[in-house]
Structures are given as structure tokens and as C-alpha cells.
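Breakdown of the fold
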Amino acid sequence: MHFVTVNDIAIHAELTAGARPGSQTLVFVNSLGTDFRIWDAVVATIGGRFTTLRYDKRGHGLSDVGATPYRMDDHIADLAALMDRFELRRAVIVGLSVGGMIAQGLARSRPDLVEALVLSNTAHKIGDRATWDQRIETVERDGIGAICDGVMEKWFTPAFRREDNPAFRGHRNMLLRASGEGYMATCNAIADADFTKEAPLIDVPTLCIAGEEDGSTPPDLVRSLADLIPNARFTLIEAAGHIPNVERPEAYANEIERFLQECSGR
């Protein structure tokens, strides 16, 4: 576990070296209202075959909130600076939801850092300004608890969303205990982000992953992103919502490994 300062923000990160020298590097970027623990099961499944970097983006987990509101460029600059700090080059960026938007931005602004992209449960544009402003207003007035049940319905399938499932309860706690200020600031960043023009310019191997029952970025929206990116591959994880890496981590890890094997064979 590391705490490093980038762009005047203390960032909480975990860098784990692969078992073999020169192991391929995977960088995981988490979603809105979560911290890097959402990748625990995927990293455990992948084991030591890769070097992995996980981190709490600004306003999330144990990282600083900093000045608000955010722009997407703030999150992108943080990731670039963090990778520079750890001297990581040509990594596979695995981004979930807003993390996928950060990954798209990094591929355009710092192509030297990106070997391939896994864009999970994300899109070139997510929602509109009015929708995000309404969410910001609700959280500012009533707290994250006011939106929690609705968010859980989008994050997880009914089969996972059970009170006798401790994993569901734990991830609900993760959202409830998130920084309201950081959450709202990142909502603002998403509201203004639009990679519709940039996505067709992405020129690295790209996998777009959708959850069959995702209520935040439905499969058709993820597929529309894949259609914009030249030669991108689309895959659907069944029986999963917006966070399939939590709900179906083995299937998720298998899709990533299959994709990377295909890339190495090109």
C-alpha cells in the first residue's frame, strides 16, 4: 500500500509486482462511489501473472478530495502522474464506468502509457447535464443515503442484491461511506465528459465489456462505444449488473485474459 502525492493530491494506491520480471502491467480504474477494493477478486483470480496497479481516484477511498468540482481532465492527469511516479509504461488500462472514461482520455492525451484498453460498463458519453445535476442536488441536500437504493439496483442483479449476501451489504456500505463531496465533484466531471469525437481515434486494442443487467450503462450503450472504436471487441457478461468484476469476478478476469492472449497473437 502506498500514499503518493500527485497534482497536490494524496493518492492511495497499491502496486503489486508480477511473479516474473517484465510481467505485463494492468492498471485498474474504479467506478463512481467505490474504491480500489472492487478489484480484489479479479486481482486474486489473475494471481501473479501480471503487475497490477490499483488506486483510489481523487475524492474516493483514502485519497484526498482536493479542490472541487472536478473536470474529467483532473482524473486523467492524476492517472498519468501516478503511472509516471511508478515508472509504468505501455500498460493495459482497465477502467470501469467513469474509470473507462478516464482510460479513454488517457489513451488520447498520453498514448505512450497505453498498450491496450479494457473499457468496462462505460461509454463515450454517460447521461446528460440535467440528470447529473439532479443527482448532485439530491446528494448535496439529503446525502448519499438518499440515492443508495436506486444505485444498488443499477450496480447489482436481484440475485446478488440480497440482505443475506454479505458481499452486497459490504459494497452498499462502501457507497454509503464514500465522500459526498468527492462523489458530487466526480458527477460534475462525468456530466461534462464527451468522448464521441475522440473514441474513433483510439488506435490500441480495445475490449468493451457490458453487464447483461447493467442499469447504469446498458449493453446497447457499451456496444455503441465499441462501434466507435476501430476494431474494438464487445463482450457481454451474463447475470451481472454495472459492477461485474464484483458480481462475476472469474468470468470478468477470464474475459480480460482471453483478450490479452488475442492481442499477443496479433
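Residues numbered from 1 in each chain as written. Predicted model: local features only at pLDDT ≥ 70, side-chain atom pairs only at ≥ 80, totals over all residues. Heavy atoms only, no water.

1. What to know about the overall build of the chain
When helices and strands are tallied, the chain shows 10 helices and 8 strands. Expressed along its principal axes, the backbone C-alpha trace of the chain runs to roughly 50 × 40 × 35 Å. With the model as given, the accessible surface of the chain reaches about 11,200 Å², and the carbon-plus-sulfur share is 47%. In the chain, the 28 positive side-chain charges and the 38 negative ones have mean positions that sit 3 Å from each other. (Helix = DSSP H or I, 4+ residues; strand = E, 2+ residues; numbered from the N terminus. Areas by Shrake-Rupley, 256 points an atom, 1.4 Å probe, with all protein chains shown as cover. Lys, Arg positive; Asp, Glu negative; His and termini not counted. Charge placed at Lys NZ, Arg CZ, Asp CG, Glu CD.)

2. A few points about the pairing of strand β4 (residues 51-55)
Of all the 5 residues making up β4, 5 are buried; the element is thus mostly covered by neighbouring parts of the structure. Side-chain alternation along β4 places Thr51, Leu53 and Tyr55 on one buried face and Thr52 and Arg54 on a second face that is also buried. In this sheet, β4 lies alongside strand β2 (residues 9-16) in antiparallel orientation, the contact comprising 4 bridges. Pairing of Leu15 across the sheet is with Leu53, part of β4. Taken together, strand β3 (residues 25-29), helix α1 (residues 40-46) and β4 form a β-α-β motif whose crossover is right-handed. (Buried < 20%, exposed > 50% of the residue type's maximum accessible area, 1.4 Å probe, protein only. Pairing = 2+ DSSP bridges. Right-handed = clockwise from strand over helix to strand, strands pointing away.)

3. Remarks on the packing of aromatic side chains
Each aromatic ring pair is described using two quantities: the centre-to-centre distance and the angle formed by the ring planes. All chains considered together, the criterion is met by 5 aromatic pairs. Their ring planes at 40 degrees and their centres at 4.9 Å tell us that Phe28 and Trp39 sit as a pair that is tilted. Remark: Trp39 occurs in the loop between β3 and α1 and Phe28 occurs in strand β3; sequence separation between them is 11 residues. On the basis of relative accessible area, Phe28 is assigned to the buried category, the value being 0%. With a centroid separation of 6.0 Å and 90 degrees between ring planes, the pair formed by Trp155 and Phe156 is classed as edge-to-face. The class of Trp155 is buried, set by a relative accessible area of 4%. Ring pairing ties together the aromatic residues Trp155, Phe156, Phe160 and Phe168, which thus form one cluster. Against the face of Tyr70 rests Arg58, its NZ or CZ located 5.5 Å from the ring centre. (Phe/Tyr/Trp six-rings, centres within 6.5 Å; stacked < 30°, edge-to-face > 60°. Lys NZ or Arg CZ within 6 Å of the ring centre and 35° of its normal.)

4. Quick look at the pattern of salt bridges
For the structure shown, the criterion picks out 18 salt bridges. Linking Asp40 and Arg54 is a salt bridge whose minimum nitrogen-to-oxygen distance equals 2.5 Å. Of the two residues, Asp40 is situated in helix α1 and Arg54 in strand β4; the sequence distance between them amounts to 14 residues. Since its relative accessible area comes to 5%, Arg54 is described here as buried. Arg141 is the salt-bridge partner of Asp142, the closest N and O atoms lying 3.0 Å from each other. In this structure Asp142 comes out as partly exposed when scored by relative accessible area, which is 44%. Under the relative-accessibility criterion, Arg141 is labelled exposed at 52%. Linked through salt bridges whose partners overlap, the residues forming this network are Asp84, Arg89, Arg110 and Asp112. (Salt bridge = Lys/Arg side-chain N within 4 Å of Asp/Glu carboxyl O.)

5. Details of the sheet that holds β4
Strand order in the open sheet formed by 8 strands is β1-β2-β4-β3-β5-β6-β7-β8, with mixed pairing between adjacent strands. Looking along the sheet, the strands with just one partner apiece sit at the ends: β1 (2-6) and β8 (233-237). Across the sheet, the mean angle from the axis of one strand to that of its neighbour is 25 degrees, orientation sign disregarded. (Axes fitted to C-alpha atoms, helices over the stretch in contact; angles between N-to-C directions.)

6. Quick notes on the packing of helix α5 (residues 145-155) against helix α6 (residues 166-176)
Geometrically, a packed helix pair is captured by the angle between its two axes and the distance between the axes. Relative to each other, α5 and α6 sit at 135 degrees, their axes nearing to 10 Å. Relative to α6, the element α5 is oriented oblique. Handedness of the crossing formed by α5 with α6: right-handed. Residue-level contacts link Gly145, Cys148, Val151, Met152 and Trp155 of α5 to Phe168, His171, Arg172, Leu175 and Leu176 of α6. For the contact of α5 with α6, a count of residues per class yields 7 nonpolar, 2 polar and 1 charged. (Parallel < 35°, antiparallel > 145°, perpendicular 65-115°, else oblique. Left-handed = near helix turned anticlockwise from the far one by under 90°. Contact = heavy atoms within 4.5 Å. Nonpolar A, V, L, I, M, F, W, Y, C, P; charged D, E, K, R; others polar.)

7. Details of a nonpolar patch on the surface
On the surface, Met1, Phe3 and Leu62 cluster together into a nonpolar patch covering about 370 Å² of accessible area. One can find Leu62 in the loop between β4 and α2 (72-85). (Patch = residues over 30% accessible without salt bridge, like charges linked within 9 Å, V, L, I, M, F, W, Y side chains within 5 Å.)

8. Thoughts on α6
Along α6, the residues that are buried comprise Phe168, His171, Arg172, Met174 and Leu175. Projected down its long axis, α6 shows its buried positions confined to an angular sector of 150 degrees, all on one face. Contacts from the buried residues of α6 go to α5, α7 (180-192) and α9 (244-247). Capping of α6 at its N-terminal end is provided by Asn165; its side-chain oxygen lies 3.0 Å from the backbone amide nitrogen of Ala167. (Arc of directions from axis to C-beta. Polar contact = N/O pair within 3.5 Å; in protein donor to acceptor, adjacent residues only side chain to side chain.)

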